[in-house]
Amino acid sequence: MKEAEIHLHQTTTSTPEQYVAGLTDFGPGRSKLFGNSADEYLKVHQRGLSEADVTEGSGGIWERLHYDWTDPNRVVLTTTDSNVWGGASGHTYTFTRQPNGTTDIDVIVVREGKDLKGRVLGLLLGTIGRRVLEKAFENSVKAIEARNSTARAARAAGAS
């Protein structure tokens, strides 16, 4: 039983490639892009060209995720282990390029608790916690846009 299936949407100036590059950057400072991924929880078990096996989390909640970005317009994160999430838990990011150069990002977050704590957290996320997830997603979109702006400025300065 899914306690929560949350749909989120943002429009960004980042390209799908830029957002995926941020989403799959498992280096130090990841928490600056994704506040729910504290550096002390981060462990990369395996990383390939279009998939990774990573443990991340924060605030006493962790999950091991299989990242798959073989489709350039979609990234699927499947929860393979967690202290609270089980079943069909995970995240799916879908990217749609717009004619004006922006990108629509749609995210589906599925939370299925594997114990009482997880079920309660899933119910809370599906109701009052939704805003917390929306804000975290907005912040990650802004952080990746800022990262791309900084990289563009550095390239421009180097070219002059």
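Summary of the structure given here. The model shown is predicted, which means the values in this text are computed figures rather than measured ones.

## Focus on helix H1 (residues 16-23)
Right, on to step 1. Listed in full, the buried residues belonging to H1 are Pro16, Tyr19, Val20, Gly22 and Leu23. The arc enclosing the buried residues of H1, seen along the axis, measures out at 160°, which places them on a common side.

## Observations concerning the pairing of strand E3 (residues 51-58)
Right, on to step 1. In terms of burial, E3 is a largely internal element, six of the eight residues being buried.
Right, on to step 2. The pairing of strand E2 (residues 43-47) with E3 spans four bridges and is classified as antiparallel. Counted as the bridge partner of glutamine 46 is aspartate 53 from E3.
Right, on to step 3. Where E2 folds back on E3, the antiparallel hairpin that results is connected by three residues.
Right, on to step 4. Bridging between E3 and strand E4 (residues 61-68) involves eight bridges; their strand directions are antiparallel. Following the sheet pairing, glutamate 56 is matched in E4 by glutamate 63.

## What about the packing of aromatic side chains?
Right, on to step 1. A full pass over the atoms with the stated rule returns four aromatic pairs.
Right, on to step 2. Ring plane angle 75° and centroid distance 4.9 Å describe the contact between phenylalanine 26 and tyrosine 67, whose orientation is recorded as edge-to-face. Of this pair, phenylalanine 26 sits in the loop between H1 and helix H2 (30-33) while tyrosine 67 sits in strand E4; the two residues are 41 residues apart in sequence, bridging distant segments of the chain. Here phenylalanine 26 and tyrosine 67 have matching classes, each one buried.
Right, on to step 3. Ring centres of tyrosine 93 and phenylalanine 137 lie 6.4 Å apart, and the angle between their planes is 70°; this geometry places the pair in the edge-to-face category. Remark: phenylalanine 137 occurs in helix H4 (residues 130-159) and tyrosine 93 occurs in strand E6 (residues 90-97); sequence separation between them is 44 residues.
Right, on to step 4. Assessed through its relative accessible area of 8%, tyrosine 93 is described here as buried.
Right, on to step 5. Residue class for phenylalanine 137 comes out buried when judged on its relative accessible area of 6%.
Right, on to step 6. Connected via pairs of aromatic rings, a cluster forms that spans Tyr19, Tyr93, Phe95 and Phe137.

Rules of the game
- Chains are numbered independently. Their residues run from 1 in the order of the written sequence.
- It should be noted that, the model being predicted, local features are given only for residues of pLDDT at least 70 and side-chain atom pairs only at 80 or more, the latter also being counted only at that level, while totals for whole chains, interfaces and linings use all residues.
- Hydrogen atoms and water are omitted, and side-chain values are computed over all heavy atoms in the structure.
- To sort residues, take the accessible area from a 1.4 Å probe on protein chains only and compare it with the maximum for the residue type: under 20% means buried, over 50% means exposed, and anything in between is partly exposed.
- Starting at the N terminus, helices and strands are each numbered in turn, a helix being any DSSP run of H or I of at least four residues and a strand any DSSP run of E of at least two.
- Along the arc lie the directions from the helix axis toward the C-beta atoms.
- Here, a strand pair is defined by DSSP locating no fewer than two bridges between the strands.
- Stacked, tilted and edge-to-face are the three classes assigned to paired rings of Phe, Tyr and Trp, where Trp is represented by its six-membered ring and a pair needs centres within 6.5 Å; plane angles under 30 degrees give stacked, over 60 edge-to-face, the rest tilted.

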